[in-house]
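Chain by chain, the residues:
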Amino acid sequence: MLISTSKTVALCSFSNLINAADRAIMPLAVLQMGSEFKWDMHAQGWLLSAFPIGYLSSQVIGAKFSKKFGGKNVLTFAVLFWSMLTFLTPLFAYSYSTLITSRILLGIAEGLGLPAVVQIFSTCVLADERSRAFGYLVAFGSIGQTLAAFICPHLSWRWMFLLFGSSGFIWVVVWIFSFKEIRIITEDDDFIIIPPKLTTRTRWYDYFRHSQLWSIYLAHFSMSWTSNIITNWVPFYLAKYLGVSATALSFTAVPYVINSFAGILAGHLADSLIMGNWTVLSVRRLMTALGLVVPGLCLILFISLDNLVLAFTVISICMAFLACNSCGHLANHLDVAPNSSAITFGISNTIATVPGIFIGPLTAELVVKSGGRWLPVFMIAALVNFVGSIIYYSHSGSSQII
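Novice: Honestly, the overall build of the protein chain in this entry has me stumped. Any pointers?
Specialist: Secondary structure summary: the protein chain contains 17 helices and zero strands in total. Expected size for 402 residues packed as a compact globule is a radius of gyration near 21 Å; at 20 Å, the protein chain falls within 12% of this value. Principal axes of the C-alpha set define a box for the protein chain whose edges measure 60 × 45 × 35 Å. The buried share of the protein chain, reckoned over its 402 residues, is 57%. Put simply, of all contacts in the protein chain between residues at least 6 apart along the chain, 85% involve residues at least 24 apart. For the protein chain, the exposed surface amounts to about 16,200 Å²; the carbon and sulfur share of it is 69%. With 22 positive and 16 negative side-chain charges, the protein chain shows a spacing of 8 Å between the two charge centroids.

Below is the structure:
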């Protein structure tokens, strides 16, 4: 990558770091908060599901606004707004209804972020660098979750939100004074990357009628299901059923560290294969298969373990392979819809947010109704992954369709 392109990718990746850290705080803080405010498991489950409700509602809006007002402006507003909500969470927590509302608003604000980044990438990152760009973007999201998982167990729940909320304010200042729109293809040329436009006018129907797009949407849905289970419920499971102390929960950062490095390595590997003899489609299918099938197998194995070290190892392997999706179906948006990738990504991320809405109460219901057994929770997640992988492999494409 050119220095200017690398700077853009780095700044956008740091925004995703803060995005991921802010959303990861609540699953780590909810045990302390639940104890202080006397919330039962169902109340905690609905609290964890409030964020995805807002996140789902703003994806396509974020994409449309990014095309109209520019990715820079939308991203600036999004980070500033969600950082303010995170910072003020200790104040909102004294009213359960107010806290739920703030979590929904946080989801709306964070939902604007990634479509804005995809819009920036669509004009600033060359085709043979996109796997790396998405690799870094997703990897920095994992770093954000890592920082939250490592730092938060050592803090009171109020300081969790104050610390990470203030980091967003710092990013906004750096972003405003450092970002310059990249319009570079070569070191000597100064013009924007413009994908070829198709002759027909794109209608909303077109975003839903292509099987190639649906294969991306469903693969993203499957990945999100597993991510939500790991982020929202694995810390709870480890604490309640494997006896992990609140301080020891900082070790849940280990899988996210591995995920970060794996995402970067997978991105470089994918671009290397594309520049070699592999087709773009073959690389996208390979990375998506690794990113869905292996994590599904890991979830099945995880639920059978009662050894803490082995459990952490399996979840770490799961997270490592989950990172391969960044250069699989996630990067595929720029292949099949280069002119509308922000919108297709917004639609995909909207669909992928659905699991986050009902996984909280669904998991609580399954565990309570089955007498404390977690097998159904992890088996369903694994099955969703396997089905998503099969659909993507059989229906995906890499040629431009929109």
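Novice: Where do I start with helix 6 (residues 96-111) in this structure?
Specialist: At 3.6 residues per turn, the α-helix brings residues three or four places apart onto the same side. Taking 1.5 Å per residue as the helical rise, helix 6 with its 16 residues ought to reach 22 Å, and the 22 Å between its terminal C-alpha atoms agrees with that figure. Residues of helix 6 that are buried: Leu99, Ile100, Ser102, Arg103, Leu106, Gly107, Ala109, Glu110 and Gly111.

Novice: I tried to follow helix 3 (residues 59-69) on my own but got confused; where do I start?
Specialist: Taken together, the buried positions of helix 3 are Gln59, Gly62, Ala63 and Ser66. Down the axis of helix 3, the sector holding all buried residues measures 100°, keeping them to one side. For helix 3, the elements touching its buried residues are helix 2 (41-57), helix 4 (71-87), helix 6, helix 7 (113-124) and helix 16 (341-369). Of the residues one or two after helix 3, glycine 70 is the one with positive phi, at around 100°.

Novice: So what exactly am I meant to see when it comes to the nonpolar core here?
Specialist: As a rule of thumb, nonpolar side chains are buried together in soluble globular proteins. Judged by nonpolar contacts, the single largest core of 108 residues is most densely connected at Met33, Leu75, Phe121, Phe302, Trp374 and Phe378. Sorting elements by how many residues they give to this core places helix 11 (residues 211-241) first, with 14 residues. If near-sequence neighbours (up to four positions away) are discounted, leucine 75 is found in contact with Cys12, Ser15, Gly113, Ala116, Val117, Ile120, Trp171 and Trp175. In terms of nonpolar packing, the next biggest core, distinct from the first, is built from eight residues, Ala266, Met287, Cys324 and Cys327 among them.

Novice: Honestly, unusual backbone geometry in this entry has me stumped. Any pointers?
Specialist: With the exception of glycine, the majority of residues adopt a negative phi angle, and the majority of peptide bonds are in the trans configuration. Despite not being glycine, lysine 38 has its phi angle at roughly 65°, a positive value. With respect to the helices and strands, the residue lysine 38 is situated in the loop between helix 1 (3-37) and helix 2.

Calculation notes
- Residues numbered from 1 in each chain as written.
- Predicted model: local features only at pLDDT ≥ 70, side-chain atom pairs only at ≥ 80, totals over all residues.
- Heavy atoms only, no water.
- Helix = DSSP H or I, 4+ residues; strand = E, 2+ residues; numbered from the N terminus.
- Rg over C-alpha atoms; globule rule 2.2 N^0.38 Å.
- Buried < 20%, exposed > 50% of the residue type's maximum accessible area, 1.4 Å probe, protein only.
- Contact = heavy atoms within 4.5 Å.
- Areas by Shrake-Rupley, 256 points an atom, 1.4 Å probe, with all protein chains shown as cover.
- Lys, Arg positive; Asp, Glu negative; His and termini not counted.
- Charge placed at Lys NZ, Arg CZ, Asp CG, Glu CD.
- Expected span 1.5 Å × (residues − 1).
- Arc of directions from axis to C-beta.
- Core = buried A, V, L, I, M, F, W, Y, C linked by side-chain atoms within 4.5 Å.

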